[in-house]
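One-letter residues, chain by chain:
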Amino acid sequence: MLDKLRLLNPNMHIFDTNSPEFREYGVKIGDIDTDEIIKVGESFKMPESGTVYEPSTPKFEELKIATEITDKYFGQLPAQIGYCYGYNDTLNALEWHTASEINIAITDMVLILAKRSDLEDNKMASTVTKSFLVRKGEIVEIFATSLHYCPCQVSDDGFRSVVGLPLGTNTELDKTPDNKLLFAKNKWLIAHNDNAELIAKGAVAGISGENFKLKY
């Protein structure tokens, strides 16, 4: 799969979570069993088109793995375990939080990542991004210093990803923020210059260059 993606996308820097390059952006977690949550996640319906994100999902949060994630990776702070499912193959935007994000791959998927240190005056070129294949069953911690967004699919069946974050993250803001990059609670975001739909919703245009479209 990795070799195929590299061959089809010579314009992108593509690695996997075993690559040394991933250490700058996150860490692969090997001490948590994901079999149960994958089984539950596979029972959820995919959207007919586009993507769907649910910050908090009781069927995930009642599992043993939710307590493990809360204790080990959020320091016993309240957390939410939700999901992002759907169809996407394009960079489109990048976001970040003030805490790590836990991703569990229910299907193979690709994460396009950058670093907050790549930002200059809230702008960056898409060429600084690196992309990582996350294989089904893998669980990764994406650092708070890493920019990320919706996963990219590697088949026509779309992608499925479990998402763990501090409680309240990605929910609606209570008031208009002073920082125009704050798009939701604990979610700062910049859109690609070509993403007119997201910019129309109030996102700041901050990514220039090619809006990468992953071929598979």
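So, how was this worked out
- Residues numbered from 1 in each chain as written.
- Predicted model: local features only at pLDDT ≥ 70, side-chain atom pairs only at ≥ 80, totals over all residues.
- Heavy atoms only, no water.
- Core = buried A, V, L, I, M, F, W, Y, C linked by side-chain atoms within 4.5 Å.
- Buried < 20%, exposed > 50% of the residue type's maximum accessible area, 1.4 Å probe, protein only.
- Helix = DSSP H or I, 4+ residues; strand = E, 2+ residues; numbered from the N terminus.
- Arc of directions from axis to C-beta.
- Contact = heavy atoms within 4.5 Å.

**Some remarks on the nonpolar core**
One finds L94, M124, L147, I190 and L214 to be the most contacted residues of the largest nonpolar core, which totals 24 residues. When residues of this core are traced back to their parent elements, those giving at least two are α1 (2–8), β5 (93–96), β7 (109–115), β14 (187–192) and β15 (204–208). At three residues, β7 tops the list of elements feeding residues into this core. The next biggest cluster of nonpolar side chains, apart from the first, holds 22 residues, and it includes F44, F60, I65 and A66.

**So, helix α2 (residues 35–42)**
Among the residues making up α2, those that are buried are I37, I38, V40 and G41. Considered in projection along α2, the buried side chains sweep an arc of 165° and stay on one side of the axis. Facing away from the buried side of α2 by over 90 degrees, the exposed positions are D35 and K39. Against the buried residues of α2 lie α3 (58–61), α4 (64–73), β4 (79–86), β6 (101–105) and β12 (159–166).

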